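The chain contents come next:
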Amino acid sequence: MHHLLPLLPAIPLLGAALLVATGRRLPRFAAEITGFVVSGGTAALALVLLLNSSPPMVEWVGGWLPAGGESVGIVVIGDGPALGMAALVSLLTLAALAYSWRYFDEPPRGHPGAFTALMLVFQGAMCGFAIAGDLFNAFVFFELMSVVAYALTGYRIDEAKAVQGALTFGVVNSLGAYAMLMGIGLLYARTGELAMTKIGRGLDTAAGHGGPDALVLASFVLVLTGLLVKAAAVPFHFWLPDAHAVAPTPVCMLLSGVMVELGAYGVWRVYGTVFAGPGGIPAADLTRALVTLGTLTAATGAVMCWYQRHIKRLLAYSTIAHTGLFLVGLGVLTPQGDDGVALYILGHAGVKAALFACAGVLLDRYGSVDEHALHGRARELRATAVMFAVAALGLAGLPPFGTALGKAVTEEAVGGPLTVVYVAASAITAGAVLRVTGRVFLGLGPRPKDADSDLETSGSEEEPETTGPLSRIPDTMTTVPAVLLAAALAVGVAPGFGDLVARSVNEGGSGGAHAVAQWTAHGVLLGLASTALAVALAGLAVTRPDWTAAPDWARPLRRLQSGHVGDYVAWLLVGAAVLGALALPGVLGG
Amino acid sequence: MHVLPYLIAAYVFLTGCYGLATSRNLIHAVGCLAVCQSSTYVLLLAVGYQNGATAPVFSDIKPGSRPVVDPVVQALTLTDIVVGATVTALLLALVLQIAKRHGTVDPDELRELRG
């Protein structure tokens, strides 16, 4: 069975190559069917492998087996978390392809397979990153998925904003990736190994009883910088709202639903296998770094989300807030925290992709994603309105959504004052989405006044992605979000699913320490509380529009999002320095 | 084992970052990104270097007859160059398109996406 692992990235890449080679001659219909078959086949393979992932599989690609404990081969691993991420990537790609069924006005002309081919490369790269067992291949797949993501973000090259957002995305993410590569180089210098488990063992041997030194700290900071840029942790997050606001909707579904989460997954994987030993970074330092950055990320994301009027940007900031919550959950380093985050990511992918899908309907119907301009205009889209509201409740953590189960388990794991961060961040982001529902779909409250500030992106006068504005919403554009929401619900409702996820995550990560992931009265109450808070916030915002005008204390925060790529690079360096400072005490003490 | 190549790698990386942060021209910025990447080549090759060793090509020397430098880092550097070429090409294409749509390549004038 483990021989099939390399097919996960290989099948989509071959499918993309086929489409690039023949796309010019194929009719559009055939190109899109090919995309479905390849992407769906990979999803089926990932699910079959996932069901057989206990005990975890290991495959040396091309038969380059280690000889006498030494190896120069490429290793891929197939444990629960890796294959779970690969399956999530594949299913979400399938959903995005279904959503974009005959969707674009076909740029570039005469090459109907181009979009599908790019989506398949994206899928293959993300699958490859998920199952990579050695750091250099993780870097290569990381770069491949980044490059495709830049291309997809700037897919509508005739739009001024799209190319601008794609360039910012490209510069910041590539710089992060090069930092990661420098870290990998330093680790190779110390241990002479590239496979993650062997680097981890090599660091422990090299350190002896001395503990970590400056080189370990430097490589930790550099590798995590790359991964945290992808995960959009504050202050590495500036590229994300720009990219998500301009990318085509099906691409946003993938970027927000799973690519950003792969950054958090990478942090978990790299810390667990490389830096967790006695020669790596002490647990207390990782907890300090991730909890601090995660809390900052959640707070920044929630505040910025609340003051957006551009609906896709609003959803992008909500993703930032949630990544902050994922990082906090991973940072406490308990088996239960890992389980909670895994469930939270599954639920969040469904809910967030459904929200972007609904925002795409608005864009294609009205040529605008501006909350103010759309006030009351979308009354006729009843099905979309219901899905938008349901997804907002899922975002708030209303039981029995998968997001609520994941949030409840994580809250239990982090405990104490950090629970407040979870409740507040999910309530504020969900409140903002509910506010949009109330205003845009129901026309509640007075129409908000436009602030006379140059600090915002409005989202009106956007080009629809379809051939002119839609007169009727295609069935695929309502079915896909409905299915995604049902899946997010199923994560929380299906009996035993939580425990299943917990078992496979713990097998991959915490070496047999089993935790249970079940509904508790405490978790349900907190979920209901954050939902109630979200509804109250949305109600206040709709009845008193002054509330959503950014107050003075939020202005500096908004000014930081300056749209200038140089500023973002400077913040990336500040972030790396902060990360180093947060992890420094363990190195000094060791 | 000499510390100088490592210092040079760090210096080249930071120089590229400084250029990126202060750039007034997007083509220049993409060039600075390539400078940042060059620092990774320096680092990787420095890691595998040995005094007195030759290139790891065994067409004219017998294996084991004399020391060679680490071929793994050279393979990594080659892969890295390919990755870098792709990224640079794509980013320059985006800059070209920005120049067409915005009529400028000065990042100070590209501030539509903010807040």
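How each quantity is defined
Residues numbered from 1 in each chain as written. Chains lettered and ligands numbered in written order. Predicted model: local features only at pLDDT ≥ 70, side-chain atom pairs only at ≥ 80, totals over all residues. Heavy atoms only, no water. Helix = DSSP H or I, 4+ residues; strand = E, 2+ residues; numbered from the N terminus. Expected span 1.5 Å × (residues − 1). Bend = angle between axes of the 7 residues up to and from the residue. Buried < 20%, exposed > 50% of the residue type's maximum accessible area, 1.4 Å probe, protein only. Phe/Tyr/Trp six-rings, centres within 6.5 Å; stacked < 30°, edge-to-face > 60°. Domains from an automatic or database assignment. Contact = heavy atoms within 4.5 Å. Buried area = accessible area lost by both parts, 1.4 Å probe. Salt bridge = Lys/Arg side-chain N within 4 Å of Asp/Glu carboxyl O. Polar contact = N/O pair within 3.5 Å; in protein donor to acceptor, adjacent residues only side chain to side chain. UniProt positions renumbered as here; feature names shortened; annotations may be inferred.

## Details of helix α10 (residues 249–275) of chain A
Residue and element names in this part refer to chain A.
Logical step 1: Over its 27 residues, α10 runs 37 Å from end to end, which matches the ideal 39 Å to within 8%, given 1.5 Å per residue.
Logical step 2: Leu255 marks the point of greatest bend in α10, at about 40°.
Logical step 3: In terms of burial, α10 is largely enclosed, as 25 of its 27 residues are buried.

## Comments concerning the packing of aromatic side chains
Residues and elements named next belong to chain A.
Logical step 1: Considering all chains together, one arrives at 13 aromatic pairs over all chains under this definition.
Logical step 2: Ring geometry for Phe115 and Tyr155: centres 5.2 Å apart, planes at 65°, overall edge-to-face. With Phe115 in helix α4 (residues 114–131) and Tyr155 in the loop between α5 (135–153) and α6 (160–191), this pair connects stretches of sequence that are 40 residues apart.
Logical step 3: You can call Tyr155 buried: its relative accessible area is 11%.
Logical step 4: Taking the centre distance of 4.6 Å and the plane angle of 5° together, the rings of Phe169 and Trp239 count as stacked.

## Focus on the domain arrangement of chain A
Residues and elements named next belong to chain A.
Logical step 1: As far as domains go, chain A holds domain 1 (1–131), domain 2 (156–275 + 555–590) and domain 3 (284–442 + 477–544).
Logical step 2: Just the C-alpha atoms count here: the centres of domain 2 and domain 3 sit 23 Å apart.
Logical step 3: Taken together, the contacts link 35 residues of domain 2 with 41 residues of domain 3.
Logical step 4: With both chains or domains summed, domain 2 and domain 3 bury close to 3,200 Å², and 74% of this area falls on carbon and sulfur atoms.
Logical step 5: Broken down residue by residue, the surface that domain 2 buries against domain 3 is led by Val234, Trp268 and Leu582, which jointly contribute 19%.

## Let's talk about the interface of chain B and chain A
Logical step 1: The interface is formed by 41 residues belonging to chain B together with 51 residues belonging to chain A.
Logical step 2: Carbon and sulfur atoms make up 75% of the surface buried where chain B meets chain A, a total of about 4,100 Å² over both sides.
Logical step 3: Three residues stand out in chain B for area buried against chain A, namely B:Leu113, B:Arg114 and B:Gly115, and they jointly supply 20% of the buried area on that side.
Logical step 4: The interface formed by chain B and chain A includes one salt bridge.
Logical step 5: Residues B:Arg101 and A:Asp158 are paired through a salt bridge, measuring 3.2 Å at the closest nitrogen-oxygen approach.
Logical step 6: Seen at the junction of chain B and chain A, the total is seven residue pairs in polar contact (both at pLDDT 80 or more).

## Details of the UniProt feature "domain: NADH:quinone oxidoreductase/Mrp antiporter transmembrane" (unreviewed entry) in chain A
Logical step 1: Mapped onto this numbering, the UniProt entry gives "domain: NADH:quinone oxidoreductase/Mrp antiporter transmembrane" (unreviewed entry) at residues 132–410 of chain A.
Logical step 2: Helix makes up 78% of residues 132–410 of chain A and strand makes up 0%, while its end C-alpha atoms are separated by 26 Å.

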